[in-house]
Amino acid sequence: GAVVSQHPSWVICKSGTSVKIECRSLDFQATTMFWYRQFPKQSLMLMATSNEGSKATYEQGVEKDKFLINHASLTLSTLTVTSAHPEDSSFYICSANVAGEADTQYFGPGTRLTVL
Amino acid sequence: AQSVTQPDIHITVSEGASLELRCNYSYGATPYLFWYVQSPGQGLQLLLKYFSGDTLVQGIKGFEAEFKRSQSSFNLRKPSVHWSDAAEYFCAVGTYGNKLVFGAGTILRVKS
């Protein structure tokens, strides 16, 4: 099956610093990648959709200057949380579509971000 | 607007017992429906999906789900639950742009 990885799996940073999270499709080229945020004991909330070489499309209420998404290749998307604050602490999960299976998302293992 | 309702926040079943997790959706067109499972601190694993055709869908780990258009439901079932099935289960509907709308999730606990 399609495998998606994320790095790092967890990160702790100081308030005001920036953190980059990588999402890679390991054995396929991803037509689209998605970034989600999940608060404890809650469901996933879509933050943005990104396509290789294009600007990401952000969901309503998500600050695009706060959460920078770069989709440089068909196998790599990055999410940078800029000037992180404690309220940005969350579980961030990415997913990707497989070409020819565009309606199915395969998820990464997630990244736990804690901002002190 | 599209929405997914999972009415049970928690379900506890005994190991070896059968399981049914409920999911109701609201979507104007023919829905693409999914069930995912999430273990603590992990990402989501796809259990099964329904796009069209046979309304009874088989998935991995012995799970199946039945699409019932008249009831707007897509319930997940397993005939005999194993302790390793304890996790959180999410039902989702696919929308425009291949986006997913998730239900709130159902936490499954398995008693030995």
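See above for the structure.
So, a few notes on the structure that sits alongside this text. Quick caveat, the model's predicted, so the values are computed rather than measured.

Broken down by element type, chain A carries zero helices and eleven strands. Written out in order from the N terminus, the α and β elements of chain A read β-β-β-β-β-β-β-β-β-β-β. Here chain A has a C-alpha radius of gyration of 13 Å; the compact-globule value for 116 residues is 13 Å, and the two agree. C-alpha extents for chain A along the principal axes are approximately 40 × 25 × 20 Å. Across the 116 residues of chain A, 50% fall into the buried class. Counting contacts in chain A only where the partners sit at least 6 residues apart, residues at least 24 apart contribute 55% of the total. Total accessible area on chain A is roughly 5600 Å²; 53% of this is exposed by carbon and sulfur atoms.

All names here are of chain B. Turning to its location among the elements, Gln 6 is positioned in the loop between strand E1 (3-5) and strand E2 (10-14). Accessibility expressed as a relative area gives 7% for Gln 6, which makes it buried. Reaching out from Gln 6, the side chain makes a polar contact with the backbone nitrogen of Cys 91 at a distance of 3.0 Å. Here the side chain of Gln 6 touches Thr 106 through a polar contact of 3.4 Å, side chain to side chain. Other than its neighbours up to four places away in sequence, Gln 6 contacts Arg 22, Trp 35, Tyr 89, Phe 90, Cys 91, Gly 103, Ala 104, Gly 105 and Thr 106.

Contacts between chain B and chain A engage 19 residues on the former and 21 residues on the latter. For the pair chain B and chain A, the summed buried area comes to about 1500 Å², and 52% of that belongs to carbon and sulfur atoms. Taken together, chain B and chain A are joined by one salt bridge. In this structure, Lys 99 of chain B engages Glu 59 of chain A in a salt bridge whose closest nitrogen and oxygen atoms are separated by 2.7 Å. Counting only elements with at least two residues in the side of chain B that touches chain A, the list comes to strand E5 (32-38), strand E6 (44-50) and strand E11 (100-102) of chain B. Here the side of chain B that touches chain A takes four residues from E5 of chain B, the largest share from any one element.

Reading the values: the criteria
Residues numbered from 1 in each chain as written. Chains lettered and ligands numbered in written order. Predicted model: local features only at pLDDT ≥ 70, side-chain atom pairs only at ≥ 80, totals over all residues. Heavy atoms only, no water. Helix = DSSP H or I, 4+ residues; strand = E, 2+ residues; numbered from the N terminus. Rg over C-alpha atoms; globule rule 2.2 N^0.38 Å. Buried < 20%, exposed > 50% of the residue type's maximum accessible area, 1.4 Å probe, protein only. Contact = heavy atoms within 4.5 Å. Areas by Shrake-Rupley, 256 points an atom, 1.4 Å probe, with all protein chains shown as cover. Polar contact = N/O pair within 3.5 Å; in protein donor to acceptor, adjacent residues only side chain to side chain. Buried area = accessible area lost by both parts, 1.4 Å probe. Salt bridge = Lys/Arg side-chain N within 4 Å of Asp/Glu carboxyl O.

Treat this as a map of the structure, not an account of what it does.
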